[in-house]
Amino acid sequence: MTVRTRYAPSPTGALHIGNVRSGLFAYLYARHCGGSFVLRIDDTDQERSTKESLDEILQSLAWLGIEWDDGPPDPKYFQSTRFDRYREAARRLLREGKAYPCYCTAGELDAMRKQAEREHRKPGYDGRCRDLPFAADIELPGANADRKYTIRFRSPHEGETVVEDLVKGRAVFDNAELDDLIIFRSDGVPTYNFATVLDDADFQITHVIRGDDHLPNTPRQMQIFLALGLTPPAYAHLPMVMGHDGSKLSKRHGATSVFAYRDAGYLPAALINYLARLGWSHGDQEVFSPAELIQFFDLNDCGKSAGIFNPEKLLWLNFHYMKERPLDLLAREVRPFIEKRGMQVPGDDAWLERVVATLRERAKTLDELAEFAGFYLRDEIQIEAKAAAKFLKPDIVEPLRVLASELDSLDGNFKEEAIKQAFERVMDRYQMKLGQLAQPVRVALTGGTVSPGIFEVIAVLGAERSGARLRKAIQQASQPGS
RNA sequence: GGUCCCAUCGUCUAGGGGUUAGGACACCGGCCUCUCACGUCGGGAACGCGGGUUCGAAUCCCGCUGGGAUCACCA
């Protein structure tokens, strides 16, 4: 049997990282097994489904590098194109007495639920229409029907349904606990639990891998498979991703969409690695390339308990991948973040690479790198008042002047080694330690007290900008208090 | 409330009868050092509780407690 898994997001909002992790695991499992991966769009709810969400989902998956074998743009993989199939299956169930029309209104159902809750009974449907007589060839609900009704699945009340979950193990459900769920709404739209069964069956899904919030749906879906004369697939329910407060990750926990992380300057490899390692492990290994993930991934190594999303660890992984990234790629990827900050790159790609080389070990995201690069990129820098007060004092004026002329005399030889020698000549002359000279220079050139090594800063900044900034600082230091 | 799921450092996890309970993030300290980082070395930090089974339980069983999910004409 060739493994075939699927991921079935509904295009009703941004692609969420908790949600996409399930898709990632399904993808990884399919690839690991040499099987195929299906992307299906669950858009039966036309009220809430939007083109924007669909685009975001597709772009997010593409950015993450999760590729599907079957799926959009093929219309076959959109539930909205399969209504005929759902209708046909529902008619068959009706004909065979495995489903029945229910004439209860939404309001009645709601009242019933509230009443049951007040009396501390289970709030499910009580089955009052279950044994009403109906014509075997009854119309499906829809605009044409003269009377409003839904179609319910007639679920068995005896026995139990056992889910042999590949991650959670065995879960036993008493069939008496399962009420008759609606498979077709009164507006003629099939509901999720019904449509998903037909899709999983028609697309020949062998393993349904999804979040464990779906575990309660599973016995119902299995019963529908059986009623249709089909064999249910294998199931694997992954534990949820929680926010810092231990509840299901949601918008109120801050950035949760894939786009948000992309826009904040995270690398897809880092996000993939982080998500994979949340709920799955392979010994003590923390860093996995996409190829390794596919090689090592196994459902047996998935944990059973929910995990809390930890932004710090993601940041650390991102930092790790940024350090490993080939310089030319990293420079190219930082560019949009520089532009987004309203800055220009006053040099060629090679120069930008030098900038990035000095900053990559100090930035945890592409955006942070762009921010740190500000002093290289802007024509004018702002000197922090506190830094100036501490380091740009009158007694540093002389050494800075000498340093400036030493640097001028370097002429074309603006290499780190030559710059270092220039510093040493000044330090000898004024009996200074490197720290005493480097900090004022750092303030003069970068505006603050924190930066990459001072020699590399000068080398990258170049003679012109270094000289101009030094002279400006000298001026400022000569007029204390101004 | 019913049903189902879960339980090792703060967090992600390894370990599944005998381990000084291992790693990673975060945190703290030393070293490196022109600042900040990086790097490196070191440190504190966990088997929820109670019963069993066993020579021996973090590990197996039961109960409790705690957490979570779910109970829609959403998916």
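One can find the structure itself at the top, above this paragraph.
No experiment lies behind these values; they were computed from the predicted model shown.

1. Side note on the pattern of salt bridges
Side chains bearing opposite charge may pair, as long as their charged atoms lie close to each other.
Now for step 1: According to the stated counting rule, one finds 38 salt bridges in the structure shown.
Now for step 2: The closest approach of N and O atoms between Asp202 and Arg85, which form a salt bridge, is 2.7 Å. Of the two residues, Asp202 sits in helix H5 (residues 192–202) while Arg85 sits in helix H3 (residues 83–95), which places them 117 residues apart along the sequence.
Now for step 3: Here Asp202 falls in the partly exposed class, since its relative accessible area comes to 28%.
Now for step 4: Taken together, the shared-partner salt bridges connect Arg6, Arg40, Asp42, Arg82, Arg85, Glu88, Asp199, Asp200 and Asp202 into one network.

2. What to know about the packing of aromatic side chains
Now for step 1: Within the structure shown, the criterion is met by 15 aromatic pairs.
Now for step 2: Taken together, a centroid distance of 6.0 Å and an interplanar angle of 55° make the contact between Phe83 and Tyr86 tilted. In this pair, Phe83 and Tyr86 both sit in helix H3, three residues apart, roughly one turn of the helix. Tyr86 shares its class with Phe83; the two are buried.
Now for step 3: An aromatic cluster is defined as three or more aromatic residues linked by ring pairs; in this entry it consists of Phe25, Trp280, Phe288, Phe296 and Phe297.
Now for step 4: Here Arg152 stacks its cationic end above the ring of Tyr125, 3.4 Å away from the centre of that ring.
Now for step 5: Its guanidinium or amino end placed over the ring of Phe259, Arg262 lies 3.9 Å from that ring's centre, counting from NZ or CZ.

3. Let's talk about a negative patch on the surface
Now for step 1: On the surface, Glu416, Glu417, Glu424 and Asp428 cluster together into a patch of negative charge.
Now for step 2: Looking at the secondary structure, you find Glu416 in helix H17 (residues 416–430).

4. With respect to helix H16 (residues 397–410)
Now for step 1: An ideal rise of 1.5 Å per residue puts 20 Å on 14 residues; H16 measures up with 20 Å between its terminal C-alpha atoms.
Now for step 2: Among all positions of H16, only Val397, Pro399, Leu400, Val402, Leu403, Ala404, Glu406, Leu407 and Leu410 are buried.
Now for step 3: Packing partners of the buried residues in H16 comprise H17, helix H18 (434–446), helix H19 (454–461) and helix H20 (463–478).
Now for step 4: Looking one or two places after H16, you find Asp411, whose phi comes out positive at around 60°.

5. Points about the sheet that holds strand S3 (residues 99–102)
Now for step 1: Across the sheet, which stays open at both edges, the three strands sit in the order S3-S4-S7 with antiparallel pairing between neighbours. Of all the strands in the sheet, just S3 and strand S7 (182–184) have a single pairing partner and so form its edges. Looking at each pair of strands side by side, their axes are set apart by 45° on average, direction ignored.
Now for step 2: In the sheet, S3 pairs with strand S4 (residues 150–153) via four bridges, with the strands oriented antiparallel.

6. Thoughts on the packing of H17 against H18
Now for step 1: For the pair H17 and H18, interaxial distance at closest approach is 10 Å and the crossing angle is 120°. When the axis of H17 is compared with that of H18, the two are oblique. Crossing of H17 over H18 shows right-handed handedness. Along its contact with H17, which presents Phe423, Val426 and Met427, the element H18 presents Leu434, Leu437, Ala438 and Val441.
Now for step 2: Looking at the contact of H17 with H18 residue by residue, the class counts come to seven nonpolar, no polar and no charged.

Definitions and cut-offs
- Residues numbered from 1 in each chain as written.
- Chains lettered and ligands numbered in written order.
- Predicted model: local features only at pLDDT ≥ 70, side-chain atom pairs only at ≥ 80, totals over all residues.
- Heavy atoms only, no water.
- Salt bridge = Lys/Arg side-chain N within 4 Å of Asp/Glu carboxyl O.
- Helix = DSSP H or I, 4+ residues; strand = E, 2+ residues; numbered from the N terminus.
- Buried < 20%, exposed > 50% of the residue type's maximum accessible area, 1.4 Å probe, protein only.
- Phe/Tyr/Trp six-rings, centres within 6.5 Å; stacked < 30°, edge-to-face > 60°.
- Lys NZ or Arg CZ within 6 Å of the ring centre and 35° of its normal.
- Patch = residues over 30% accessible without salt bridge, like charges linked within 9 Å, V, L, I, M, F, W, Y side chains within 5 Å.
- Areas by Shrake-Rupley, 256 points an atom, 1.4 Å probe, with all protein chains shown as cover.
- Lys, Arg positive; Asp, Glu negative; His and termini not counted.
- Charge placed at Lys NZ, Arg CZ, Asp CG, Glu CD.
- Expected span 1.5 Å × (residues − 1).
- Contact = heavy atoms within 4.5 Å.
- Pairing = 2+ DSSP bridges.
- Axes fitted to C-alpha atoms, helices over the stretch in contact; angles between N-to-C directions.
- Parallel < 35°, antiparallel > 145°, perpendicular 65-115°, else oblique.
- Left-handed = near helix turned anticlockwise from the far one by under 90°.
- Nonpolar A, V, L, I, M, F, W, Y, C, P; charged D, E, K, R; others polar.

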